[in-house]
Amino acid sequence: MEFTVQQIADLLQGQVQGDGQATVNRLAKIEEGTPGSLSFLSNPKYEPFLYTTGASAVIVSKTLEVKQAVATNLILVEDPYSAFSTLLEVYQQALASMRAGVEEPCYLGENSSIGPNHYRGAFSYIGKNCKIGKNVHIYPQAYIGDNVTIGDNTVIYAGVKIYPDTVIGSSCSVHAGAVLGSDGFGFAPQKDGSYKTIPQIGNVVIEDHVSIGANTTVDCATMGSTIIRTGTKIDNLVQVAHNVEIGRHTVVAAQTAFAGSSKVGNYCTIAGQVGVVGHVSIADRTIVGAKSGISKNIKEEGTFVQGAPAFDYKQNLRAMAVFRKLPELQKQVDELREKR
Amino acid sequence: MEFTVQQIADLLQGQVQGDGQATVNRLAKIEEGTPGSLSFLSNPKYEPFLYTTGASAVIVSKTLEVKQAVATNLILVEDPYSAFSTLLEVYQQALASMRAGVEEPCYLGENSSIGPNHYRGAFSYIGKNCKIGKNVHIYPQAYIGDNVTIGDNTVIYAGVKIYPDTVIGSSCSVHAGAVLGSDGFGFAPQKDGSYKTIPQIGNVVIEDHVSIGANTTVDCATMGSTIIRTGTKIDNLVQVAHNVEIGRHTVVAAQTAFAGSSKVGNYCTIAGQVGVVGHVSIADRTIVGAKSGISKNIKEEGTFVQGAPAFDYKQNLRAMAVFRKLPELQKQVDELREKR
Amino acid sequence: MEFTVQQIADLLQGQVQGDGQATVNRLAKIEEGTPGSLSFLSNPKYEPFLYTTGASAVIVSKTLEVKQAVATNLILVEDPYSAFSTLLEVYQQALASMRAGVEEPCYLGENSSIGPNHYRGAFSYIGKNCKIGKNVHIYPQAYIGDNVTIGDNTVIYAGVKIYPDTVIGSSCSVHAGAVLGSDGFGFAPQKDGSYKTIPQIGNVVIEDHVSIGANTTVDCATMGSTIIRTGTKIDNLVQVAHNVEIGRHTVVAAQTAFAGSSKVGNYCTIAGQVGVVGHVSIADRTIVGAKSGISKNIKEEGTFVQGAPAFDYKQNLRAMAVFRKLPELQKQVDELREKR
């Protein structure tokens, strides 16, 4: 997609300073701009790049006082960052709306319905009795088992695997390779030391505006549902075990794992490589530092914990500071004992 | 599938108390029961739900003394938990047996055979010279490379990737997105600091009754075989490197990693996010706590270790208890030194 | 593929001692040799197996002095290990060259080109405007989005997912289930506690001779590129976040995660289950021990760190040694205080 600088300025209700007929066809950081790219300048720290950038146009503040000659074309707006964000969204919507229709071969099971304006990529699979809303994008090689429900405007990327009976809300993104609804890890120990598989007959429920990262796995419940609530964002390679419930607007970074039946509150921030043991509850607005292990309930809202097992963040920092000097501490104690 | 309460009672050799012609079509927890669902009551703690449940029928003990009016229909049996487990199994077997046949398009390479009563989903791929047993389910978009052997009753879920020469036993489950037989991570450092790839010509051998979790990866051996023995259950997102051997009836929780040539015994329990370094051996019946790092051999059977690096579980607990108070300990030592 | 012992000897410029007409069809370790297999003896420690091996032929050193009767056939060469490595490479090249052509159905978008001597597996997908070099292997169910560039001799294994605009160099391997170019994890917190998705319009750039492990995920940049430079080898289940840059000839073991905008130098060794926080830089030739957490810049080349948070490796070892004995240290301090 190619636009003139004037067209971009009109879209952003800004003014052109320079050549309005110059054309741009992509977005770039100001320090990485090359001919054809459009950048923005918001943070004053980056102003020097304005005089050296190879970008064909830069969005700047109306109030900017240029200090040197500028080779690029300027688009003057109230708030460059906000204007650029608007452009990003328009750009992505344009990309998304371009992708519609059905590529063959793809598989649609009997008794399944899918709303208007959808995209189904080649080699995608939709089982029986599925109800899929409008404006849904299903990329190539995605698998959607029987009896799955998917809301409007949701995007299922390439190679996502969704087991039967899963329920997904509207405006969700499920990134490539994610697995929703695999069997919970349930095995009953037998007298001879072997394990018997406990049938897993529950499902996974994902509410609206949820994002699931690439190659993340969410197991179905043993009975009932594993639930991820509205607005929650989950990064790549995260493990969500059977019967876990994650609240609303919680953020979970990469490679974190929630063991069976753990409950996470609303508005929590869980950093990367965290582990949460089974059956514990985490209160709303909890912050868990990277690599922490949560081994018991966190009852107080707004707690910030760190460590494995985790405890108060500041207390952990102080303990770690002493930990590094443990050989000295041991030596000090040895000396005291000798001189005693 | 819809059944009458009487049909369920007959199957379980139980007696109906209430309406035997009421119908049920799914299983649910007693506290989540809705019309059409069948529940069970085993733990006395849940008895209050018996008087409020919306379930159409509940399996209860013959010896239960009902304390209030019951709106649902009862099925009286010897052991409700065991009866419900039986039902779960019948339910899953029924679901499984319903899935048979071949969905087109799917790919079957020359000289490959597959036994009777199998399911091959659309876009599944079977290479050349494969030998696949009877009652095998291969879900959509699964990939099975050349010369692969799979035993009877094994289920390969959607999008599983099995490299050439892999051997899988009978009654195994390989969950969606798992990869079996990818190249071992072997690179020989060169004089100029670069790495040369060491060809990986071994394979993966999975014995019988093994479960492999979603998006788990098992690398092939450099030479010989990476082996997972009978009855072992592996959770999601686990890494099993080249030439690893995991014994019989061992359980491995999510996101654990075994580095190259490590050996794990029989009847072990390895919790989540554990790391095992290369070339170490772990004795039978070892228990490894979550997030532990195993850096040397564990020679004694039945050892319980924790920590990174791991040592005796109780000793680790006690060390962690002091760790939290390290700033106080440092202060105590500082005071002693001042007053010395 | 079956060869006579004489054919192998000719290839390796070696001499046969025994039956040159005996045939071999696979490679095996000397201690696991069975009829039809070819082994080698390099490490003197393994010499006893020479007298008991079931292999049909063994490559040995010209200078070996045989101490007992040998039942197998020998191929005498200058350097058995090097000769065997040569064989391994020939073997793999032969396997690779056998795989060429196009299996149907597969999908090729408009305006995409692919060089000669390629393999495209069934159910593989190539979007629009892709430029793919020669001798490229694309295995079944691989997904290659629009505008992707792939260099010569690169192998894309089964079920790999490559998002639009990704650039991959020549002689790379991307193992099954890996995801390249998924959205960076970028969400702007809103006043009501919810998150707004920040559009991710950058891409992923993989240079030459890079290996990406099974089910590893590499996110695209928010703007600009996430970059993995020449010769770097990445193991399975690794997470590389948006705008990360990993230098040349660096090795990264399984389940490690790099958070957004972190920079890793050249010739580094990053062990398994390591976490690197966002925006930090790691100098060239840094070694990071397993399970470490890197929370700040490492500025000095050749540093070896361990721990979470990580510090000097030896210092960490000494601190861990005291950590194990913390209960005793506490007791010693308690005694000193009592006696004070």
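Just so it is clear, the model here is predicted, and its values are computed rather than measured.

A. Molecular detail of the packing of helix α5 (residues 326–339) of chain A against helix α4 (residues 313–324) of chain C. In contact at an axis separation of 8 Å, α5 of chain A and α4 of chain C are set at 55° when each is read in the N-to-C sense. Relative to α4 of chain C, the element α5 of chain A is oriented oblique. Between α5 of chain A, through Leu-326, Pro-327 and Gln-330 of chain A, and α4 of chain C, the contact on the second element is made entirely by Arg-318, Ala-319, Val-322 and Phe-323 of chain C.

B. Representation of helix α4 (residues 313–324) of chain B. A rise of 1.5 Å per residue sets the reference length of α4 of chain B, with its twelve residues, at 16 Å; its end C-alpha atoms lie 17 Å apart and thus fit the reference within 8%. In this structure Asp-312 of chain B caps α4 of chain B, since a side-chain oxygen of it lies 3.3 Å from the backbone nitrogen of Lys-314 of chain B.

C. The state of the cysteines, seen in detail. Residue and element names in this part refer to chain A. Taken as a whole and judged by the stated rule, the model has zero disulfides over all chains. Sulfur of Cys-106: no disulfide; nearest cysteine sulfur belongs to Cys-130 and is 13 Å away. Take Cys-130: its relative accessible area is 0%, and that puts it in the buried class.

D. Molecular detail of the relation of the copies chain C and chain A. Expressed as a screw operation, the relation of chain C to chain A combines 0.0 Å of axial shift with a rotation of 120°, fitting to an RMSD of 0.1 Å. As the rotation angle and translation indicate, the two copies are arranged about a three-fold axis.

E. Main features of the interface of chain C and chain A. Chain C puts 64 residues into the contact, and the matching count from chain A is 57 residues. The junction of chain C with chain A conceals about 4600 Å² of combined surface from both sides, 64% of it contributed by carbon and sulfur atoms. Run the count over chain C and chain A and you get one salt bridge. Among the salt bridges present, the one from Lys-196 of chain C reaches Glu-89 of chain A, with a minimum N-O distance of 3.2 Å. When residues of the side of chain C that touches chain A are traced back to their parent elements, those giving at least two are β21 (179–182), β23 (195–197), β26 (217–219), β40 (310–312), α4 and α5 (326–339) of chain C. Of the residues that constitute the side of chain C that touches chain A, the class distribution is 31 nonpolar, 23 polar and ten charged.

F. Structural detail: the domain arrangement of chain A. We note that the domain assignment places domain 1 (3–97) and domain 2 (101–316) within chain A. If you average the C-alpha positions of domain 1 of chain A and of domain 2 of chain A, the two centres end up 39 Å apart.

Conventions we followed
- Residues numbered from 1 in each chain as written.
- Chains lettered and ligands numbered in written order.
- Predicted model: local features only at pLDDT ≥ 70, side-chain atom pairs only at ≥ 80, totals over all residues.
- Heavy atoms only, no water.
- Axes fitted to C-alpha atoms, helices over the stretch in contact; angles between N-to-C directions.
- Helix = DSSP H or I, 4+ residues; strand = E, 2+ residues; numbered from the N terminus.
- Parallel < 35°, antiparallel > 145°, perpendicular 65-115°, else oblique.
- Contact = heavy atoms within 4.5 Å.
- Expected span 1.5 Å × (residues − 1).
- Polar contact = N/O pair within 3.5 Å; in protein donor to acceptor, adjacent residues only side chain to side chain.
- Disulfide = S-S within 2.5 Å.
- Buried < 20%, exposed > 50% of the residue type's maximum accessible area, 1.4 Å probe, protein only.
- Least-squares fit on C-alpha atoms with pLDDT ≥ 70 in both.
- Buried area = accessible area lost by both parts, 1.4 Å probe.
- Salt bridge = Lys/Arg side-chain N within 4 Å of Asp/Glu carboxyl O.
- Nonpolar A, V, L, I, M, F, W, Y, C, P; charged D, E, K, R; others polar.
- Domains from an automatic or database assignment.

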